[in-house]
Amino acid sequence: MEGVYNCIINAVGKEERLLAVLIDPDKFSLSKIKRFIAKVNASIATHIFVGGSTVKDNDTQVLVENIKKNTILPVVLFPGDVTQITSEADALLFLSLISGRNPEYLIGKHVEAISKLRLTKLEVIPTGYILIENGKETAVQRVTETKPMPREGLNQIVDTAKAGEFLGMKLIYLEAGSGAQHPVTTEIIASVKRELNIPLIVGGGIRTKKQLDATYNAGANMVVIGTAFEENESFIEAFKKDTSHV
Ligand code: 1GP
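So, here's what we can say about the structure. (Residues numbered from 1 in each chain as written. Predicted model: local features only at pLDDT ≥ 70, side-chain atom pairs only at ≥ 80, totals over all residues. Heavy atoms only, no water.)

**Description of the overall build of the chain**
- Within the chain one finds nine helices and eight strands.
- A compact globule built from 246 residues should have a C-alpha radius of gyration of about 18 Å, and the chain, at 17 Å, falls within 12% of that.
- For the C-alpha atoms alone, the extent of the chain along its principal axes is close to 45 × 45 × 35 Å.
- Split into buried and exposed, the 246 residues of the chain put 54% on the buried side.
- Just so you have it, the chain exposes about 11,600 Å², and 52% of that area is on carbon and sulfur atoms.
- Both charge centroids of the chain, one from 28 positive and one from 29 negative side chains, sit 4 Å from each other. (Helix = DSSP H or I, 4+ residues; strand = E, 2+ residues; numbered from the N terminus. Rg over C-alpha atoms; globule rule 2.2 N^0.38 Å. Buried < 20%, exposed > 50% of the residue type's maximum accessible area, 1.4 Å probe, protein only. Areas by Shrake-Rupley, 256 points an atom, 1.4 Å probe, with all protein chains shown as cover. Lys, Arg positive; Asp, Glu negative; His and termini not counted. Charge placed at Lys NZ, Arg CZ, Asp CG, Glu CD.)

**Concerning the pairing of strand E1 (residues 18-23)**
- Burial analysis of E1 places six of its six residues in the buried class, which makes it a mostly covered element.
- The alternating pattern of E1 places Leu 18, Ala 20 and Leu 22 on one face and Leu 19, Val 21 and Ile 23 on the opposite face, and all of these are buried.
- Here E1 runs beside strand E8 (residues 222-225); their pairing, made up of four bridges, is parallel. Bridge pairing links Leu 19 to Val 223 in E8.
- Taking the sense of rotation as the criterion, the β-α-β connection linking E1, helix H2 (residues 30-41) and strand E2 (residues 47-50) turns out right-handed. (Pairing = 2+ DSSP bridges. Right-handed = clockwise from strand over helix to strand, strands pointing away.)

**Quick look at unusual backbone geometry**
- In this structure, Glu 15 takes a positive phi of about 60 degrees despite not being glycine.
- Examined against the element boundaries, Glu 15 turns out to sit in the loop between helix H1 (4-13) and E1.
- On the basis of relative accessibility, which here comes to 71%, the residue Glu 15 falls in the exposed class.

**Examining a nonpolar patch on the surface**
- Judged by side-chain polarity, Leu 106, Ile 107 and Val 111 come together as a nonpolar surface patch covering roughly 260 Å² of accessible area.
- Examined against the element boundaries, Ile 107 turns out to sit in the loop between strand E4 (91-97) and helix H4 (108-117). (Patch = residues over 30% accessible without salt bridge, like charges linked within 9 Å, V, L, I, M, F, W, Y side chains within 5 Å. Salt bridge = Lys/Arg side-chain N within 4 Å of Asp/Glu carboxyl O.)

**Side note on the sheet that holds strand E3 (residues 75-77)**
- In space, the eight strands of this closed barrel follow the order E1-E2-E3-E4-E5-E6-E7-E8, with parallel pairing throughout. Across this sheet, the average inter-strand angle for adjacent strands is 30 degrees, counted without regard to direction.
- Pairing analysis gives two bridges linking E3 to E4, with the strands arranged parallel. Across the sheet, residue Val 76 finds its bridge partner in E4, namely Ala 91.
- Contacts from H2 reach E1 and E2 within the one sheet, and its direction differs from that of E1 by about 170 degrees.
- Of the strands in this sheet, strand E5 (123-131) and strand E6 (171-175) touch helix H6 (residues 154-166), which is tilted by about 150 degrees from E6. (Axes fitted to C-alpha atoms, helices over the stretch in contact; angles between N-to-C directions. Contact = heavy atoms within 4.5 Å.)

**Thoughts on the site of the ligand**
- In the neighbourhood of the ligand, 14 residues make up the surrounding shell, with Glu 175, Gly 179, Gly 205, Gly 226 and Thr 227 lying closest.
- Within the contact set of the ligand, an oxygen atom lies 2.9 Å away from a side-chain nitrogen or oxygen of Tyr 173.
- Side-chain polar atom of Thr 227 to an oxygen atom of the ligand: 2.5 Å apart, as the coordinates give it.
- About the coverage of the ligand: the protein hides 97% of its 310 Å² of free accessible area. (Near = heavy atom within 4 Å. Polar contact = N/O pair within 3.5 Å; in protein donor to acceptor, adjacent residues only side chain to side chain.)

What is shown is where atoms sit, not what they do.
This is the structure:
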């Protein structure tokens, strides 16, 4: 298999737009999974992300097993904590919260994760994770005890993303936070994208097709949507694959 990261790089090279559906094991009941994943398979989604801020031990593993049984899409862990690492997934976003200054989320959790990762074949993708202020406090902010970056601090956001790239991170993820009131602005996305030579992921608070398109048009290579699907499972049907030319 080519590997999740190489597939992303190839897709970005072809200017394809990637869409990750985020499933939070804490908020998504297992009984709905089969039906929901069938809809995801029929949509333009290219990846399934799994993770949450507060997930009970084992829930992630059971959820990932169930997802894998029902799809060939790559399943990528987007963990809120070390306990969410499970070998059933294809890859792991090894997140460094570079917008914050809490050493636990810059190196502490990473060291803690190694004894688990040694036992898996997960593809580990170093990812610079940047939390941007969105109008209300988010779970990431609470759990990590870090402040998001102010939206008006454009230069600081761009420099942070570039520092992540220079530190060797392979992806940059601009995060407004789950259920954000305001998604990351197109100005921030475009400014960061201009400086980066690695793929850009954007997520948080995207609830409409219009917002999704605006996010891609500003320069996001991959967009992550979770809450909008949690609140209304049928929303995924708005993203059906166009099969008319097949
Ligand atoms: C959260 O970026 C993701 O970490 C997705 O956010 O749940 O608001 O879509 P939403």
